[in-house]
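A closer look at the structure
Chain by chain, the residues run as shown.
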Amino acid sequence: MEKKNLWVAFSTQKGGAGKTTLTVLVASYLHYVKGYDVAVVDCDYPQYSIADMRERDLKMATEDDYFKSLAYHQFTRLNKKMYPVVKSLPEKAAETAKALQAKGKYDIIFFDLPGTVNKEGVIYTLSTMDYIFAPISADHLVLKSTLRFASRLNDTLITTGKAKIKGLYLIWNQVDGREKSELYDVYDQIIAELGLTVLKTFIPNSLRFRRELLESHKALFRSTLFPVDKTLLKGSNVEELTEEVLSIINL
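**Structural notes on the packing of aromatic side chains**
- The final tally for this structure, using the stated rule, is twelve aromatic pairs.
- Grouping aromatic residues by their ring pairs yields a cluster made of Phe10, Phe110, Phe133 and Tyr169.
- Between the NZ or CZ atom of Arg54 and the centre of the ring of Tyr83, over which it lies, the distance is 5.2 Å.
- Here the basic side chain of Lys164 rests over the ring of Trp7, its NZ or CZ set 4.7 Å away from the ring centre.

What follows is the structure, encoded as structure tokens:
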């Protein structure tokens, strides 16, 4: 089957909104569980959080027998290597992605961008995306900042046809409780009036989203080498989010 080489970014103007975590969770689930070929361009300069996570993951998987065995069984079962994570500057991200495509075919290339559109090259790189997913939370500052960010992209790049962006979607993240409250219905109405779209799937607020590879060998959640552990998957809405994303990007 021909690879689509779709460019996708979980992006927002507010740090701490969960864009990096969602990028890793969805990329790993798609690659290791659903069987798609993905790559990640980490252009979140200077933090490079995903590239740093990959280094920690590799260190643990090469030095710890438990994770070494886990990695061996996963890769032999899937007959699939880990997906590439490549560092880039925001203004060079498109070039980096094209260089990746020249070496191999991918279904999706994910981009992890800085949490501000004021950094050089961020708006340009966003304009090259096929799809943008922007995490939002009920925190007033995060919501206000992200809606401003999304409206700006929508008004200057998407509705004008100046970019190839096929869709911009908001995701409720860090939602307290198992279900959204009536407050979210009010927010959804305001968002709709701005001409923006919110995904049906929301991500709950949970400490599991911070769990990485640990020497204690607890079930892991966030990793560039492994998908979410099945014991932690239920109730996280990661599977549901991934399926909704797939239905939108038509893979």
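Let us keep going from here.
**Thoughts on the pattern of salt bridges**
- A complete count under the given rule lists eight salt bridges for this structure.
- Measuring nitrogen to oxygen at the nearest pair gives 3.4 Å for the salt bridge that ties Asp37 to Lys80. Pair noted here: Asp37 is in the loop between α1 (19-33) and β2 (38-42) and Lys80 is in the loop between α3 (65-78) and β3 (85-87), with a separation of 43 residues, a long-range link.
- Two residues, Lys166 and Asp130, come together in a salt bridge whose shortest N-O distance is 2.5 Å. Highlighted residues: Lys166 in the loop between α6 (140-158) and β6 (167-172) and Asp130 in the loop between α5 (122-127) and β5 (131-136), separated in sequence by 36 residues.
- Relative accessible area serves as the criterion here: at 52%, Lys166 is assigned to the exposed category.
- A single network of salt bridges, built from pairs that share partners, joins Lys19, Asp44 and Asp112.

**Some details on a nonpolar patch on the surface**
- A grouping of Leu183, Val186, Ile190 and Leu194 is seen on the molecular surface, where their side chains present a nonpolar patch of about 320 Å² in accessible area.
- Relative to the elements of secondary structure, Leu194 occurs in the loop between α7 (182-193) and β7 (197-198).
- Residue Leu194 is classed as partly exposed on the basis of its relative accessible area of 40%.

**Overview of α3**
- Over its 14 residues, α3 runs 20 Å from end to end, which matches the ideal 20 Å to within 8%, given 1.5 Å per residue.
- Residues of α3 that are buried: Phe67, Ala71 and Gln74. For α3, the angular spread of the buried residues around the axis is 70°, confining them to a single face. The exposed residues of α3 that point more than 90 degrees off its buried face are Asp65, Tyr72 and Arg77.
- Buried residues belonging to α3 abut α1 and α2 (49-63).

**Description of the nonpolar core**
- Core analysis: the biggest nonpolar cluster contains 37 residues, and Val41, Ile109, Phe111, Leu170, Trp172 and Ile191 have the highest contact counts within it.
- Broken down by element, the residue count for this core peaks at six residues, all from α6.
- Discounting residues that sit within four places of it in the chain, Phe111 has contacts with Trp7, Val8, Ala9, Phe10, Val41, Cys43, Ala93, Ala97, Thr125 and Met129.
- Membership of the second largest hydrophobic core comes to 31 residues, among which are Leu30, Tyr48, Ile50 and Ala51.

Here is what the cut-offs are and how they apply
- Residues numbered from 1 in each chain as written.
- Predicted model: local features only at pLDDT ≥ 70, side-chain atom pairs only at ≥ 80, totals over all residues.
- Heavy atoms only, no water.
- Phe/Tyr/Trp six-rings, centres within 6.5 Å; stacked < 30°, edge-to-face > 60°.
- Lys NZ or Arg CZ within 6 Å of the ring centre and 35° of its normal.
- Salt bridge = Lys/Arg side-chain N within 4 Å of Asp/Glu carboxyl O.
- Helix = DSSP H or I, 4+ residues; strand = E, 2+ residues; numbered from the N terminus.
- Buried < 20%, exposed > 50% of the residue type's maximum accessible area, 1.4 Å probe, protein only.
- Patch = residues over 30% accessible without salt bridge, like charges linked within 9 Å, V, L, I, M, F, W, Y side chains within 5 Å.
- Areas by Shrake-Rupley, 256 points an atom, 1.4 Å probe, with all protein chains shown as cover.
- Expected span 1.5 Å × (residues − 1).
- Arc of directions from axis to C-beta.
- Contact = heavy atoms within 4.5 Å.
- Core = buried A, V, L, I, M, F, W, Y, C linked by side-chain atoms within 4.5 Å.

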